[in-house]
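Breakdown of the fold
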Amino acid sequence: MKRQFLKTVVGLAAGLAIAAVGQPALAEYNPKLLRIGFQKSASLLTLLKAQGAVEKRLAAQGLEVKWVEFPAGPQLLEGLNVGAIDFGYVGEAPPVFAQAAGANFVYVGYEEPAPTAEAVLVPKGSAIRTVADLRGKKVALNKGSNVHYLLVKLLEKNGLKYADIQPVFLPPADARAAFERGSVDAWVIWDPYTAAAEKQIEARILADGKGVVNNYAFFLAERDFASKRPEVISLLFEELQKQGQWIIKNYPAAAAQLAPLQGLDPTVVELSIRRYSNVVKPITEQVLVEQQKLADTFFELKLIPKEIKVKDAALPGKR
């Protein structure tokens, strides 16, 4: 994986101190502007931005589109909270932390589960063969991210407790470096980092999320925007659904387009995007129920300071 891509991702912990929680929004609602927060690693939105379909449709309605790039989900949620963006896409864990910190957003949609898009990796020559072999071992992960939840559930499934391993909290770039030099025994990570490690250094997948976790991704909106402009949210979902279906039918072409945008080799990108569902749907009560399980787990582990009700971060009618 190219170094510039790795450097764009920072540790979740830095983002948890959402600077403007509890403060007034710094930007006011503008009925003629849609600001979309995205991360380059989020293939659906990255392709949508590159192809300009949303801009073309909204221009006819007198609405301008502005794309705002973020290095990771926590920073994107901060952007939502301070009114810097109206819409964005993140993994399932950052919204739990943001809600616990008081951020003002709502769940408006999700991407169907992608359990194989995150995994525990070990070096190709490692003697570790099962998850049970992780007892006492140093395991690198991004604190509070989706893979934190994956690790907890994998350990439970294999008769271990979270206290049985030595977590080493590192953002992806630092974790990969530690993994390569042998400072940690395993690395829990998501795609495209998983795919890059497999292709570039022959890392071996010890276990992924299949049968263990859902690994949803979520589309979030600033609460006022979602309430005032539901037609724009609907249009966005139409375009995201079209984009997702195009990816599913054209993996090699999608990878070729994404590779220069993400700074990765097309073979890495294709392996990665094939492990995501690319199926986008409006939020449902059942998905929020599943998200509550993650929130409860993080509270039990004392990773968030208080219990939260995920349904409070949904518009009326979705609770």
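Please refer to the structure placed before this passage.
This report concerns the structure included in the present document.

Side note on the sheet that holds strand β5 (residues 118-122)
What the five strands build is an open sheet, ordered β7-β6-β8-β5-β9; its pairing is mixed. Each having just a single partner strand, β7 (166-169) and β9 (204-208) make up the two edges of the open sheet. For this sheet, the mean inter-axis angle between neighbouring strands, taken without regard to orientation, is 30°. As paired strands, β5 and strand β8 (residues 186-190) are joined by four bridges and run antiparallel to one another. Of the residues in β8, the one forming a bridge with glutamate 118 is tryptophan 190. Contacts from helix α8 (residues 172-181) reach β5, β6 (138-141) and β8, with the element oriented near 145° to β8.

Some remarks on the side chain of serine 43
Take serine 43: it is sitting in helix α3 (residues 43-51). There is a polar contact of 3.4 Å between the side chain of serine 43 and the side chain of glutamine 262. Contacts of serine 43, omitting those with residues within four sequence positions, involve Leu258, Gln262 and Ile273.

A look at helix α9 (residues 193-201)
Because each turn of an α-helix spans 3.6 residues, side chains separated by three or four positions end up pointing in the same direction. Buried within α9 we find Tyr193, Thr194, Ala195, Ala196 and Ala197. Directly after α9, the chain includes glutamate 202, whose backbone phi takes a positive value near 55°.

Details of unusual backbone geometry
Between aspartate 191 and the following residue, proline 192, the backbone shows a cis peptide bond with an omega angle of 10°. Checked against the element boundaries, proline 192 lands in the loop between β8 and α9. The backbone of glutamate 202 sits at a positive phi, close to 55°, despite the residue not being glycine. Note that glutamate 202 resides in the loop between α9 and β9.

Re the environment of alanine 226
Its location among the elements puts alanine 226 in helix α10 (residues 223-228). For the pair formed by alanine 226 and valine 108, sequence separation is 118 residues and the distance between their alpha carbons is 7.8 Å. Not counting the four nearest positions on each side in its chain, alanine 226 is found in contact with Val106, Val108, Ala221, Ile233 and Leu315.

Some points on the packing of helix α7 (residues 146-157) against helix α14 (residues 285-300)
For the pair α7 and α14, the least separation of the axes is 11 Å and the interaxial angle reads 80°. Considering their axes alone, α7 and α14 lie roughly perpendicular with respect to each other. Contact residues: α7 offers His148, Tyr149, Val152 and Lys153, while α14 offers Lys293, Leu294, Thr297 and Phe298. For the contact of α7 with α14, the residue count by class is four nonpolar, two polar and two charged.

Re the sheet that holds strand β1 (residues 33-38)
Pairing is mixed in the open sheet, where six strands are placed in the order β2-β1-β3-β10-β4-β11. In this open sheet, the two strands that pair with only one neighbour each are β2 (64-69) and β11 (280-282). Between one strand axis and the next, the sheet turns through 30° on average, direction left out of account. Sheet analysis places β1 next to β2, joined by six bridges and oriented parallel. The partner of arginine 35 across the bridge, within β2, is lysine 66. Packing against the sheet, α3 makes contact with β1, β2, β3 (87-91), β4 (105-111) and β11, and its axis sits at approximately 135° to β1.

Some points on the pairing of β8
Residues in a regular strand point their side chains to alternate faces of the sheet. The buried fraction of β8 amounts to five of the five residues, a majority that puts the element mostly inside the structure. Side chains Ala186, Val188 and Trp190 of β8 all project onto a buried face; the interleaved residues Trp187 and Ile189 project onto the opposite face, where all are buried too. Pairing of β6 with β8, which is carried by two bridges, proceeds in the parallel orientation. Within the sheet, the bridge partner assigned to alanine 140 lies in β8 and is tryptophan 187.

A short note on the environment of arginine 229
Structurally, arginine 229 can be placed in the loop between α10 and α11 (230-249). Residues arginine 229 and proline 31, spaced 198 residues apart in sequence, show a C-alpha to C-alpha distance of 8.3 Å. Within the structure, the side chain of arginine 229 is placed 2.5 Å from the side chain of glutamate 231, a separation counted as a polar contact.

Considering the nonpolar core
Phe105, Tyr107, Leu134, Trp187 and Phe298 are the most contacted members of the largest nonpolar core, which has 62 residues in total. Per element, the largest residue contribution to this core is six residues, and it comes from α7. With near-sequence residues (within four places) excluded, tryptophan 187 lies in contact with Ala119, Val120, Leu121, Ala140, Pro172, Ala175, Arg176, Phe179, Tyr193 and Ala197. Formed by 42 residues, the second largest nonpolar core is a distinct cluster that contains Leu48, Ala221, Leu236 and Leu240.

Rules and cut-offs
Residues numbered from 1 in each chain as written. Predicted model: local features only at pLDDT ≥ 70, side-chain atom pairs only at ≥ 80, totals over all residues. Heavy atoms only, no water. Pairing = 2+ DSSP bridges. Helix = DSSP H or I, 4+ residues; strand = E, 2+ residues; numbered from the N terminus. Axes fitted to C-alpha atoms, helices over the stretch in contact; angles between N-to-C directions. Contact = heavy atoms within 4.5 Å. Polar contact = N/O pair within 3.5 Å; in protein donor to acceptor, adjacent residues only side chain to side chain. Buried < 20%, exposed > 50% of the residue type's maximum accessible area, 1.4 Å probe, protein only. Parallel < 35°, antiparallel > 145°, perpendicular 65-115°, else oblique. Nonpolar A, V, L, I, M, F, W, Y, C, P; charged D, E, K, R; others polar. Core = buried A, V, L, I, M, F, W, Y, C linked by side-chain atoms within 4.5 Å.

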